[in-house]
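Summary of structural features
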Amino acid sequence: MAVRYRAEQGDAEAQFDLGIGYASGSIGLVDHTEAAKWLLKAAEQGDENAQFAIGAHFQRGAGVPEDHVLAVQWYRKAAEQGNRTAPFNLGYCYEVGEGVTKDLVEAFAWYSLWLKNDSDPEAVKACADLAKSMTSQQISEANKRTEELRAQISAKLRSSDK
């Protein structure tokens, strides 16, 4: 298998592909332990999609011990590299206090960042539902925080392109 050989040689893209193959069963069997092993290798090399995927594995305890703190750390790394879905997962973690202290302002900010990345109806609903339990001051703070996050992520992306 050419992908396995490249993965074993340290190719992050191949490691991600192999991890996803094991997670989905597209290579013939589902093995979450093998999936997590390869996704973690790719994530540690900075692959944003692998960072998101290993975060999900830690959040669910799929092939690794369930660890919400690590899930949040990996989601944040992925989001900071521009992963389009990681902000939703971070928003959820902040909304329910999973791996972080519950913080509706931070949750709304991450959901809003995701909404601006992807106008998915689920994003619109998440923001609208959360806003119902927030004060106007909290929403204002969250909107400011969204812009801070956007600026921070944009600056990181620009500096990594150099």
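In case you missed it, the structure is sitting above this.
What counts, and at which threshold
Residues numbered from 1 in each chain as written. Predicted model: local features only at pLDDT ≥ 70, side-chain atom pairs only at ≥ 80, totals over all residues. Heavy atoms only, no water. Phe/Tyr/Trp six-rings, centres within 6.5 Å; stacked < 30°, edge-to-face > 60°. Lys NZ or Arg CZ within 6 Å of the ring centre and 35° of its normal. Helix = DSSP H or I, 4+ residues; strand = E, 2+ residues; numbered from the N terminus. Polar contact = N/O pair within 3.5 Å; in protein donor to acceptor, adjacent residues only side chain to side chain. Contact = heavy atoms within 4.5 Å. Core = buried A, V, L, I, M, F, W, Y, C linked by side-chain atoms within 4.5 Å. Buried < 20%, exposed > 50% of the residue type's maximum accessible area, 1.4 Å probe, protein only. Axes fitted to C-alpha atoms, helices over the stretch in contact; angles between N-to-C directions. Parallel < 35°, antiparallel > 145°, perpendicular 65-115°, else oblique. Left-handed = near helix turned anticlockwise from the far one by under 90°. Arc of directions from axis to C-beta.

**Remarks on the packing of aromatic side chains**
Under the definition given, this model contains three aromatic pairs. Members of the aromatic cluster, each reached through a chain of ring pairs, are Phe 88, Tyr 111 and Trp 114. Stacked on the ring of Trp 38, the Lys or Arg Lys 41 has its end atom at 5.7 Å from the ring centre. Stacked on the ring of Trp 74, the Lys or Arg Lys 77 has its end atom at 4.7 Å from the ring centre.

**Some details on the side chain of Gln 59**
As for its placement among the helices and strands, Gln 59 is situated in helix α4 (residues 48-60). Among the polar contacts listed, one links the side chain of Gln 59 to the side chain of Tyr 75, at a separation of 2.5 Å. In this structure, Gln 59 is in contact with Glu 66, His 68, Ala 71, Tyr 75, Asn 89, Tyr 92, Cys 93 and Glu 98, ignoring residues within four places of it in sequence.

**Details of the nonpolar core**
Grouped together as the largest cluster of nonpolar side chains are 42 residues, with contacts concentrated most on Ile 54, Tyr 75, Trp 110, Leu 130 and Met 134. Mapped onto this core, the elements with two or more residues apiece are α2 (12-24), α3 (32-44), α4, α5 (68-80), α6 (86-96), α7 (104-117), α8 (121-131) and α9 (136-161). A total of nine residues in this core trace back to one element, the largest contributor, which is α7. When residues no more than four places from it in sequence are discounted, the contact partners of Tyr 75 are Phe 52, Gly 55, Ala 56, Gln 59, Ala 86, Asn 89, Leu 90 and Cys 93.

**Observations regarding the packing of α4 against α5**
Following both chains from N to C, one finds α4 and α5 inclined at 160°, their axes separated by 8 Å at the closest point. Relative to α5, the element α4 lies roughly antiparallel. Crossing angle aside, the handedness with which α4 passes α5 is left-handed. Between α4 and α5, the contacting residues are Glu 48, Gln 51, Phe 52, Ile 54, Gly 55, Ala 56, Phe 58 and Gln 59 on the first element and His 68, Leu 70, Ala 71, Trp 74, Tyr 75, Lys 77 and Ala 78 on the second.

**What about α8?**
Taken together, the buried positions of α8 are Ala 123, Ala 126, Cys 127 and Leu 130. In a view along the axis of α8, the buried residues occupy a sector of 95°, so they form one face of it. For α8, exposure combined with an orientation more than 90 degrees from the buried face picks out Pro 121 and Lys 125.

**Re the environment of Ala 53**
Counting through the fold element by element, Ala 53 comes out in helix α4. Take Ala 53: its relative accessible area is 11%, and that puts it in the buried class. A C-alpha to C-alpha distance of 21 Å links Ala 53 and Gln 9, two positions 44 residues apart in sequence. Not counting residues up to four positions away in its chain, the partners in contact with Ala 53 are Ile 20 and Leu 39.

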